[in-house]
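Residues per chain, in single letters:
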Amino acid sequence: MRIDIITVLPEILESPFSHSIIKRAQEKGLAEIHIHNLRDFSDDKHRRVDDYSFGKGAGMVMAIQPIEKAIESLKAKRNYNEIIFTTPDGGVFNQKEANNLSMMGNIIILCGHYKGIDQRIRDFYITKEISVGDYVLTGGELAAAIITDAVVRLIPGVLSDETSALTDSFQDNLLSPPVYTRPAEYKGMKVPEILLSGNDKLVDDWKQEQAIERTKELRPDLYKKYLED
Ligand code: ADE
């Protein structure tokens, strides 16, 4: 899978993809992540990418020219399944959307900034608008990092034990059960006896029960979905 991210702040995106699982996914050739500086596509001699909004409206707007050029230059080289714009106006990102995107070949993520982008970009190029939650970030870079991270780890082969993605929280609308490691007892605090029993069936049943109980208590909204699906 290939993800092209268009941003005015490429520096913000240097670290999130340079470590651990996401770094290894790229080294293994399972994911290609390319960061593009929007200013490189500006025809303005000062490399400007924003301008005043028409009409009365406070704030600067990302201009159509550099974005159109950046998107067209990528589209000239390959087909894209989705051109995503990160914005608080979008549909709220969730595990279902992460699964959906992880099955795609090529996607573009355009990071929003300032007071928004020229509406014509949204009308003519953007195929999906995604928010990472009902709060406002200073820009779309962190949202693009969240989306990319959640998607790349789902690509088959990225996680060493493939089933570990399948047993993630949210994969079946349930939170994960609690986990423990050694020692079995620490300062009087004990690991549940059943986990030490060596009986796989009992352990699996206990984990499922715990997942259901935790979801019911902590995320009644998810629990409702679990019962419905
Ligand atoms: N840009 C600013 N806030 C955002 C959000 N919540 N999700 C996606 N992009 C954003």
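Here, every reference points to the structure presented above.
About the criteria used
- Residues numbered from 1 in each chain as written.
- Predicted model: local features only at pLDDT ≥ 70, side-chain atom pairs only at ≥ 80, totals over all residues.
- Heavy atoms only, no water.
- Helix = DSSP H or I, 4+ residues; strand = E, 2+ residues; numbered from the N terminus.
- Rg over C-alpha atoms; globule rule 2.2 N^0.38 Å.
- Buried < 20%, exposed > 50% of the residue type's maximum accessible area, 1.4 Å probe, protein only.
- Contact = heavy atoms within 4.5 Å.
- Near = heavy atom within 4 Å.
- Polar contact = N/O pair within 3.5 Å; in protein donor to acceptor, adjacent residues only side chain to side chain.
- Areas by Shrake-Rupley, 256 points an atom, 1.4 Å probe, with all protein chains shown as cover.
- Pairing = 2+ DSSP bridges.
- Axes fitted to C-alpha atoms, helices over the stretch in contact; angles between N-to-C directions.
- Arc of directions from axis to C-beta.
- Salt bridge = Lys/Arg side-chain N within 4 Å of Asp/Glu carboxyl O.
- Parallel < 35°, antiparallel > 145°, perpendicular 65-115°, else oblique.
- Left-handed = near helix turned anticlockwise from the far one by under 90°.
- Nonpolar A, V, L, I, M, F, W, Y, C, P; charged D, E, K, R; others polar.

J.: Any chance you could break down the overall build of the protein chain for me, citing the residues and the numbers?
T.: Regarding its fold elements, the protein chain presents eight helices and nine strands. For the protein chain, whose C-alpha radius of gyration is 22 Å, the value lies well above the compact-globule estimate of 17 Å for 229 residues. Taking the principal axes of its C-alpha atoms as reference, the protein chain extends roughly 70 × 40 × 35 Å. Burial analysis of the protein chain (229 residues in total) assigns 41% to the buried set. When contacts within the protein chain are restricted to residue pairs at least 6 apart in sequence, those whose partners lie at least 24 apart make up 74%.

J.: Residue-level account of the site of the ligand, with values.
T.: The full set of residues close to the ligand is Thr86, Thr87, Pro88, Ile130, Ser131, Val132, Gly133, Tyr135, Val136, Leu137, Gly139 and Ala143. Take Val132: an N or O atom from its main chain is 2.9 Å from a nitrogen atom of the ligand. The backbone of Gly133 places a nitrogen or oxygen atom 3.1 Å from a nitrogen atom of the ligand. Contact with the protein chains covers 96% of the free accessible surface of the ligand, which is 260 Å². Secondary-structure elements contributing two or more residues to the shell around the ligand are β5 (82–92) and β7 (128–131).

J.: Please provide a residue-by-residue account of the sheet that holds β5, values included.
T.: In space, the five strands of this open sheet follow the order β2-β1-β6-β5-β7, with parallel pairing throughout. Looking at the sheet topology across the chains shown, the edges are occupied by β2 (32–37) and β7. Averaged over all pairs of adjacent strands, the angle between strand axes in this sheet comes to 30°, irrespective of strand direction. For β5 and β7, the ladder comprises five bridges, and the chain directions are parallel. Counterpart to Gly91 in the pairing with β7 is Ile130. Taken strand by strand, helix α3 (residues 95–102) contacts β5 and β7, and its axis lies near 135° from that of β7.

J.: Tell me about α3, residues and numbers included.
T.: By the burial criterion, the buried members of α3 are Gln95, Glu97, Ala98, Leu101 and Ser102. One side of α3 carries all its buried residues, which in axial view fall inside an arc of 160°. Buried positions along α3 lie against β5, β7 and α5 (141–152).

J.: Can you tell me about the environment of Val92, naming the residues and giving the values?
T.: Tracing the sequence through the fold places Val92 in strand β5. Given the relative accessible area of 47%, Val92 is considered partly exposed. Spatially, the C-alpha atoms of Val92 and Ser131 are 4.8 Å apart, while their sequence positions differ by 39 residues. The contact partners of Val92, leaving out residues within four places of it in the chain, are Ser131, Gly133 and Asp134.

J.: Account for the pattern of salt bridges, with residues named and values stated.
T.: Once their charged atoms are close, side chains differing in charge can pair, the charge on each being opposite to the other. With the rule as written, the count across this model stands at 14 salt bridges. Note that Asp50 and Arg48 form a salt bridge whose closest N and O atoms lie 3.8 Å from each other. The exposure class of Asp50 is buried, given its relative accessible area of 14%. Here Asp221 and Arg219 are joined by a salt bridge, their closest N and O atoms 2.9 Å apart. Note on Asp221: relative accessible area 44%, which makes it partly exposed. It is possible to trace a salt-bridge network through shared partners that takes in Arg2, Asp4 and Glu32.

J.: Summarise the packing of α3 against α5; cite the residues concerned and give the values.
T.: The interhelical angle for the contact between α3 and α5, taken along N-to-C directions, is 70°, at an axis separation of 8 Å. In this view, α3 runs roughly perpendicular relative to α5, as classed from their interaxial angle. The handedness of the crossing between α3 and α5 is right-handed. Contacts between α3 and α5 pair Ala98, Leu101 and Ser102 from the former with Ile147, Ala150 and Val151 from the latter. Residues of the contact of α3 with α5, tallied by class, amount to five nonpolar, one polar and no charged.

J.: Got a sec to walk through the side chain of Thr87? Specific residues and values, please.
T.: As for its position among the elements, Thr87 is in strand β5. When residues no more than four places from it in sequence are discounted, the contact partners of Thr87 are Arg122, Glu129, Ile130 and Ser131.

Worth remembering: the numbers are spatial, not functional.
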